[in-house]
Structure formats: C-alpha cells, structure tokens
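Structure assessment
As a plain string of letters, each chain reads:
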Amino acid sequence: LTLGVLRDYLPMIRELDLRTPPRWDPPRAAPEPPLSDSPKPLPARANREQYQLYYGYFHAHTSLSDGVGEPKHAYSMARDEIGLDFFAVTDHACLIAFWPWDRKWSRTRRTADKFNKDGQFVALAGFEWSSPTLGHVNVLGTRSFTTVVSSPTMSDLYAWIAKHPDAVCRFNHPGYADKLKIEFEHFALSHKAIDQMVAMEQFNKQRGIQHFFRLGYKKGKRHLDEAIQRGWFVGVVGGQDNHKRNWGKRNDYRVGAWATSLTRKGILDAYRARRTFATEDGNLTLSFKANGAEMGSRLQPGALSFRVSLEDGNSEDFSRAQLYKRGELFKEWSLGSASETLTV
C-alpha cells in the first residue's frame, strides 16, 4: 500500500463498524458481451511510412516484485547477451507499491533511462496491473502507475488509462485468471480505453502461440477473435514473463515491431499502430499488407488486396501458411522455401 492509497482510504477505515460482521457477496460471472461486426469507433489509419523491423518484448520481472535480480541485470542481459532491440521490465504494480520508501518505481525508471540509447537499444519501464480474478494488464509509457488496490475494477483501470494518454497497454496471458469467469470481464468493450489497449499476448513463458490460438472464453472461440469481435482493436504481441535470470534467454520467442526508428517513440508508436507480430522464431520476418498498408492499418470498407511476405533469417523453410477471417480459416497455402510472397 502506498501512502497515497492509505490517505485516500483513511476516511473509510475510520468509519468501519467492527461490531457488525461484514457481508461478502461473491463475484458473479460476467455476462457474455455481445459479439458485434459494427465498425470500430476509431478513425481510419493507413500505415504507409518506411519501416524497419526490430525484435524484443515488453514483459519481464525482477526482485522488485516476484522475480530475481535487479532491473540493471535484466536490461544488461537483454541488450548485451541476447541482442534484443527493445525490452521492458514490468514488475507487478502491487509489489512495486509495497514499502513505498524503497522507491521501486523510480529506481526502475532511472535504470531504464541509463540503458536506453537511440538507434541502439530501447529500454522502457512499465508495470503489470495484476488482479487475481480480473487478469493482468501491462502498461508502458507513463510516469506514474496504478495498482489493483487503487484501481480495483476493469472500469477503474480503463478510467486511469484514459487519464494518461501516453499509456500503451495490452491484455496479458488471457485465460490465466478466469476461475470466476470474470477475467477482463470477457472483453466487454470500454470506449475510454479502446485506442490505448493496443495488443494481446499470444505467447507467455514457455506457452507458445498454439496454446493461446486454440483457447477462448467461449467454446470454439479464441481470445484474440473474441476481443476483436467485441470491438477491441488489438495487435499481436507476446512476453517471456521472466521471473528468473533468463531475460530473453528463456527461448527464441520475440515480438516483431515495424517502426520508423529504434527509439522509444518509434517502438511505442509501432505498438500504438498495431504494427507488431508474435513469433516463436527469433529471426522470422512477417509483413502483412492490405492495399499497400502495413499490418495494423484501419482501412475504409471496399475491395482489399492482401500481400503477405515471409522470410526466415537462417534459411529454414516454411511449410504452411494460413489466413483467417473473422476467426475462421479463409485460405491455406502449402509452402517449401525460406522466402515466400503470398497474395489474395
């Protein structure tokens, strides 16, 4: 608990009636939000600039929450031993807030500033809003943070995000905390935060993309499809969710980001524009264009021409590609080389 939280809750604490047993109403399962094919309430945007592809991820922990090692060890390993282009420490906010005199949040931000160098390595500090029943959300790009104590509901969190326009956020490991059937309120849409909830995690720790690709809150659905069909406009990312001294070393899982520059602004803009993809192969290149606009674009209705470019950095052959539309398999290709261009 931070001093600020204690101050905010002090009036309520003073009014507690300790002679009357408290009532506890167990949380109810969230009603299933309706699926919708209505247009997203976001303006059209076509990603047509010149981009470079960079690799990294934004989900890792240290001893400042429930991991091991200091932030400086995490940034150093990610940059110097693994060679990532971008990386963030995102410790659990509730544990960052614990013992506020340790100044964990400011320590992480100062460490990220020391490691960040334009054109060489993007180091960011973020936090993970963590609820045992509503799920986990990573937040990047802000000077302050919030916890499940001060923002206990999804509505509270979305309101906090909306008040911090620099916040870049994503749904982490969906399905992880759905025991009460209320995780993320099953993606009930918040218009306040729709532009800032930019992505969904599609790999986590050792759980690969196929793990998340086959799961959903509703039988036969996938979390990614459910969120999109309920009105969210989310790109695809992942995170190694490190809790041991293996930042970037755990596996070759990476996020590819098409950015205008290797800077904080460049990488965060790529996330905001949804120009990201998840890969279990650390040097796979994926470009997915519609009418010449790169992935993440929001285009006007009409005829679309898709061009998918695939390449593997160490000449491993692709065997198959699948294109999905509204959650259903739309087209499939049999492949046999390390560089492919597909059109629809």
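Everything below is about the structure shown above.
This one's a predicted model, so the numbers in the text were calculated from it and none came from an experiment. (Residues numbered from 1 in each chain as written. Predicted model: local features only at pLDDT ≥ 70, side-chain atom pairs only at ≥ 80, totals over all residues. Heavy atoms only, no water.)

The secondary structure content of the protein amounts to eight helices and 16 strands. Put simply, the protein has 344 residues, and 49% of those count as buried. Put simply, 69% of the contacts in the protein that link residues at least 6 apart link residues at least 24 apart. Entry remark: accessible area of the protein is about 17,500 Å², with carbon and sulfur atoms responsible for 52%. (Helix = DSSP H or I, 4+ residues; strand = E, 2+ residues; numbered from the N terminus. Buried < 20%, exposed > 50% of the residue type's maximum accessible area, 1.4 Å probe, protein only. Contact = heavy atoms within 4.5 Å. Areas by Shrake-Rupley, 256 points an atom, 1.4 Å probe, with all protein chains shown as cover.)

The next point concerns the pairing of strand E13 (residues 306-312). Here strand E11 (residues 284-290) pairs with E13 via seven bridges, running antiparallel. Counted as the bridge partner of Leu284 is Asp312 from E13. Pairing between E13 and strand E16 (residues 339-343): five bridges, direction antiparallel. Across the sheet, residue Arg307 finds its bridge partner in E16, namely Thr343. (Pairing = 2+ DSSP bridges.)

This part is about the packing of aromatic side chains. Across all of its chains, the model carries 21 aromatic pairs by this definition. Seen in terms of ring centroids, Phe171 and Trp232 are 5.4 Å apart; in terms of plane orientation they differ by 80°. Their pairing is edge-to-face. Of the two residues, Phe171 is situated in strand E6 (residues 168-172) and Trp232 in the loop between helix H7 (223-229) and strand E8 (235-239); the sequence distance between them amounts to 61 residues. Taken together, Tyr158, Phe171, Phe184, Phe187, Tyr217 and Trp232 form an aromatic cluster joined through their ring pairs. (Phe/Tyr/Trp six-rings, centres within 6.5 Å; stacked < 30°, edge-to-face > 60°.)

Further remarks concern the pattern of salt bridges. Any two side chains of opposite charge can pair if their charged atoms end up close together. Counting across every chain of the model gives ten salt bridges. When the shortest N-O distance is used, the salt bridge between Glu70 and Arg107 registers 3.2 Å. In this pair, Glu70 is assigned in the loop between strand E2 (52-57) and helix H2 (71-81) and Arg107 in helix H4 (residues 104-115), connecting sequence segments 37 residues apart. Its relative accessible area of 28% is what places Arg107 among the partly exposed residues. Ionic contacts of the salt-bridge type, sharing partners, join the residues Lys265, Asp269 and Arg272 into one network. (Salt bridge = Lys/Arg side-chain N within 4 Å of Asp/Glu carboxyl O.)

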